Amino acid sequence: MSTITKYLVYGPNDTLRRLPAKLFEKFEPKYLYKYSSSDSSDQIFVSVFEQFEKQINATITLTCVLECTPTHNRIELKKSGGRMGFRGSSLSEDKNVESDVVDFIMDFSKRFGLSLQEEVEKEVAEDSDEA
């Protein structure tokens, strides 16, 4: 099971370029790397958000890769860390950093008339007829 969430955001180029700046302004990442292509106007942002969960005494990390092209933004979110098991697996009822970032992306898209689409991985069926 994949824990990576992927979104595609379509719309005008100027509005697409504002999304990363507003996201990192609202939620300051612990680490941020920006790559700008010398050949085209493409940009790639890699950011790491951290949130300490006091109830379970663990840190939750969200890695966000945001690819900005003139036609669309591609966003990949990977959540890691925390604790699983009997203690603390369902203890956190507060909003975590992942839901905050996803809510911001959805709200920004809705507010500025962007088209948001979640990318769903298709499961590959294994062939049982192989001999």
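Relevant structure appears above.
Asker: Would you take a moment to explain the overall build of the protein chain for this structure?
Answerer: Along the protein chain, the regular secondary structure elements total two helices and six strands. In the protein chain, the succession of α and β elements from N to C terminus is β-α-β-β-β-β-α-β. Out of the 131 residues in the protein chain, the part that is buried amounts to 34%. By sequence separation, contacts in the protein chain at least 24 residues apart represent 56% of the contacts at least 6 residues apart. Total accessible area on the protein chain stands at roughly 9,000 Å², and carbon and sulfur atoms take up 49% of it.

Asker: Is there a simple way to explain the packing of aromatic side chains in this structure?
Answerer: How two aromatic rings sit relative to each other is set out by the distance from centre to centre and by the angle between their planes. On inspection of all chains with the given rule, the structure shows five aromatic pairs. Each member of the aromatic cluster is reached from another via a ring pair, and the members are Phe27, Phe104, Phe108 and Phe112. Here the guanidinium or amino end of Arg18 rests over the ring plane of Phe112, the centre of that ring lying 4.7 Å away.

Asker: Could you clarify how one ought to interpret the sheet that holds strand β5 (residues 72–81) in this entry?
Answerer: Two strands in a sheet stick together by hydrogen bonds in their backbones, pointing the same way (parallel) or opposite ways (antiparallel). Taken in spatial order, the six strands of this open sheet run β2-β3-β4-β5-β1-β6, and their pairing is antiparallel. Every other strand in the sheet has two partners, leaving β2 (31–36) and β6 (115–119) as the edge strands with one partner each. The average undirected angle you get between the axes of adjacent strands in this sheet is 15°. In terms of strand pairing, strand β1 (residues 4–10) meets β6 through five bridges, oriented antiparallel.

About the thresholds
- Residues numbered from 1 in each chain as written.
- Predicted model: local features only at pLDDT ≥ 70, side-chain atom pairs only at ≥ 80, totals over all residues.
- Heavy atoms only, no water.
- Helix = DSSP H or I, 4+ residues; strand = E, 2+ residues; numbered from the N terminus.
- Buried < 20%, exposed > 50% of the residue type's maximum accessible area, 1.4 Å probe, protein only.
- Contact = heavy atoms within 4.5 Å.
- Areas by Shrake-Rupley, 256 points an atom, 1.4 Å probe, with all protein chains shown as cover.
- Phe/Tyr/Trp six-rings, centres within 6.5 Å; stacked < 30°, edge-to-face > 60°.
- Lys NZ or Arg CZ within 6 Å of the ring centre and 35° of its normal.
- Pairing = 2+ DSSP bridges.
- Axes fitted to C-alpha atoms, helices over the stretch in contact; angles between N-to-C directions.

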